[in-house]
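# Geometric and topological summary
Below are the chains, spelled out letter by letter.
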Amino acid sequence: KAAIFARSGAVVMSLAVVGGLPATPILSGSGSSGDAHAAATVGVGVQNCLLKLNHAAVPGFKWRLVIAYDGTHYAGWQYQRSPPTVQCFLEKALMQVTKVERDNLCLVGAGRTDAGVHAWGQVAHFITPFNYESLENIHAALNGLLPSDIRIREVSPAVPEFHARFSVKSKIYRYKIYNDPVMDPFQRYYTYHSVHKLNPDVMREATKYFVGKHDFSAFANASRNDGVPCPVKEVFHCDLTEEGPLLQIEVEGSGFLYRQVRNMVALLLQVGREAVPPDIVPCIIASRDRKELAKYALSVPPHGLCLVSVDYTCDHLRLPSGGPPPSFGRSHSVRKCKIPFF
């Protein structure tokens, strides 16, 4: 057992490690709500540390997946029985192909995208008690079992130290905005329609204020237990590009708070409508108060957002010795034309 004492023992949190995985934190004592919050925050950190150690110590072979999906009909990535999620369908396919039970697969994703959010480069890992000589067959079998709006782009062996979530160096999200009086019907499921004429130049000026290490509490919706207690995140770049009426806002950061990117885009839209000046961005960041942002902007819908890619350290991406080569999908070719020529 790992025990943490917060504020001279007023609150005690114990994590019972059973079967190699930490149990749910148990709070006891008569501490104040502040004590409980402090213990819970520290507890999440301890859980994360234990999860890192336990995942590295789990016996078996670890495999990395790169996944693309259309999030329109899914309630996000995170597993739940109903309504359906991407992880739920992926685990069902993995169990059918590998014959390994869900608890033993230990499937973990790099990020928990919300309902309606899409992904081109979601990353996940799972574990099997056996090795594979080739990954092409399992790759083809998984895509054959998955719905057509979920596809495995890559399957590769991973070193024991790799963790889809904890090894992340940065993530890139992209939000699409269609700025025209008439919406392109072919973009309707993947692009937000703005009928208000936007000024891309002032929006581009405002994006610069997001770059750097900041406390983004003002851009986070009501907290959920996502294992990220620290609101300080670093944004490496935030760029706006134009392709006719299509505007794309791309953000790369060390991590993001709950709905942070969508709230950043919401404020940039207000700047683009010239309802607020670009230099309001640092003022709202400095406030660290979600209510301050709510005075100027509401969140944008999820369908315009896409998780483009997840970056890892080179050391964690190296291929283990003795493993099969990565599979990027099986190509088919016609060796001989069977149609007669006359």
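Presented here is an overview of the structure given in this document. No experiment lies behind these values; they were computed from the predicted model shown. (Residues numbered from 1 in each chain as written. Predicted model: local features only at pLDDT ≥ 70, side-chain atom pairs only at ≥ 80, totals over all residues. Heavy atoms only, no water.)

## Considerations on the environment of Gly304
Within the secondary structure layout, Gly304 lies in the loop between α8 (290-294) and β15 (305-312). Residues Gly304 and Tyr189, 115 residues apart in the sequence, show an inter-C-alpha distance of 7.6 Å. (Helix = DSSP H or I, 4+ residues; strand = E, 2+ residues; numbered from the N terminus.)

## Description of the side chain of Glu154
Mapping Glu154 onto the fold places it in strand β9 (residues 150-158). The side chain of Glu154 sits in the buried core without any salt bridge; Arg64 is the nearest counter-charge, 4.7 Å away. Contact partners of Glu154, with chain neighbours within four places excluded, come to Arg64, Leu65, Val66, His139, Pro326, Ser327 and Phe328. (Buried < 20%, exposed > 50% of the residue type's maximum accessible area, 1.4 Å probe, protein only. Lys, Arg positive; Asp, Glu negative; His and termini not counted. Salt bridge = Lys/Arg side-chain N within 4 Å of Asp/Glu carboxyl O. Contact = heavy atoms within 4.5 Å.)

## Some thoughts on the pattern of salt bridges
A complete count under the given rule lists 12 salt bridges for this structure. Of the charged contacts in the structure, one is a salt bridge between Glu91 and Arg102, with a shortest N-O distance of 2.4 Å. Here Glu91 is found in helix α2 (residues 86-98), whereas its partner Arg102 is found in helix α3 (residues 102-105), with 11 residues between them in sequence. On the accessibility criterion, Glu91 (3% relative accessible area) is buried. With its nearest N and O atoms 3.6 Å apart, the salt bridge here joins Asp311 to Lys169. Of this pair, Asp311 sits in strand β15 while Lys169 sits in strand β10 (residues 168-179), placing them 142 residues apart in sequence.

Function-wise, these values are silent; they only describe arrangement.
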